[in-house]
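Reading the structure
Residues per chain, in single letters:
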Amino acid sequence: MRGKMTLTMASLLLLQSSMLASCGSPAREGLLHRLGLSAVPISTGIRCENLNASRTARLLTYQRIGERKHYGVYGLSGAKWSLVVPLPSQDDAIRWEGVTAAEALQRLIASVGEPQETARVLVEQNAIDWFADGLRVFFVLGGAREESSTTWPVVVAELH
């Protein structure tokens, strides 16, 4: 766990790289499984799943290689509970034109009911860890506090 902050509706559970040695890490798999989420790198991209059909999971995939930064935005809900998304560095990743990955993540957090200022502060306080080199999937959950012990709306999975 990282950083504590009092928020109106939700809190954050950040899985750090020390807890996520690989995509098959028991710590990551246990938490994501408990939340009904998964993110697994495959040859054609990343297979993302949200097994809780009553909850929408918004995703931001992020990849940084040196100074090159890439992202994609997606959603999982209802019938669309499993989705293979391209790696963020691929040309077919879905992005918002003129919007950085940090701004896109702020938009997703605000889209689940968090105040804009809360989303901005949350992303700014975690930017160094969240937007470092590597491949990550940010699951942004509506109602995460009611479903689990997590109290912030973002679950971060690092994929190596």
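These numbers were taken from a predicted model, which means no experiment stands behind them.

Some points on helix H3 (residues 116-130)
By the largest-angle criterion, Glu-124 marks the main kink of H3, which is about 35°. Every buried residue of H3 is listed here: Thr-118, Ala-119, Val-121, Leu-122, Val-123, Asn-126 and Trp-130.

What to know about the side chain of Arg-136
By secondary structure assignment, the location of Arg-136 is in strand S7 (residues 134-141). Classification of Arg-136 by relative accessible area gives buried; the value is 3%. Looking at Arg-136, its side chain comes within polar contact range of the main-chain oxygen of Asp-129, at 3.4 Å. Within the structure, Arg-136 has its side chain in polar contact with the backbone oxygen of Trp-130 (distance 3.4 Å). Sequence-distant contacts of Arg-136, defined by excluding residues within four places in its chain, comprise Leu-60, Thr-61, Tyr-62, Asp-129, Trp-130, Val-156, Ala-157 and Glu-158.

Some thoughts on the pattern of salt bridges
Opposite charge on two side chains permits pairing when their charged atoms draw close. Following the criterion strictly, the structure yields 4 salt bridges and no others. Glu-117 serves as the salt-bridge partner of Arg-120, at 2.2 Å between the closest nitrogen and oxygen. Placement of both Arg-120 and Glu-117 in helix H3 is noted, with a separation of 3 residues, approximately one turn of the helix. Assessed through its relative accessible area of 28%, Arg-120 is described here as partly exposed. Between Arg-120 and Glu-124 there is a salt bridge, and its shortest N-O distance comes to 2.6 Å. Placement of both Arg-120 and Glu-124 in helix H3 is noted, with a separation of 4 residues, approximately one turn of the helix.

Reading the values: rules and limits
Residues numbered from 1 in each chain as written. Predicted model: local features only at pLDDT ≥ 70, side-chain atom pairs only at ≥ 80, totals over all residues. Heavy atoms only, no water. Bend = angle between axes of the 7 residues up to and from the residue. Helix = DSSP H or I, 4+ residues; strand = E, 2+ residues; numbered from the N terminus. Buried < 20%, exposed > 50% of the residue type's maximum accessible area, 1.4 Å probe, protein only. Polar contact = N/O pair within 3.5 Å; in protein donor to acceptor, adjacent residues only side chain to side chain. Contact = heavy atoms within 4.5 Å. Salt bridge = Lys/Arg side-chain N within 4 Å of Asp/Glu carboxyl O.

These figures capture arrangement, not role.
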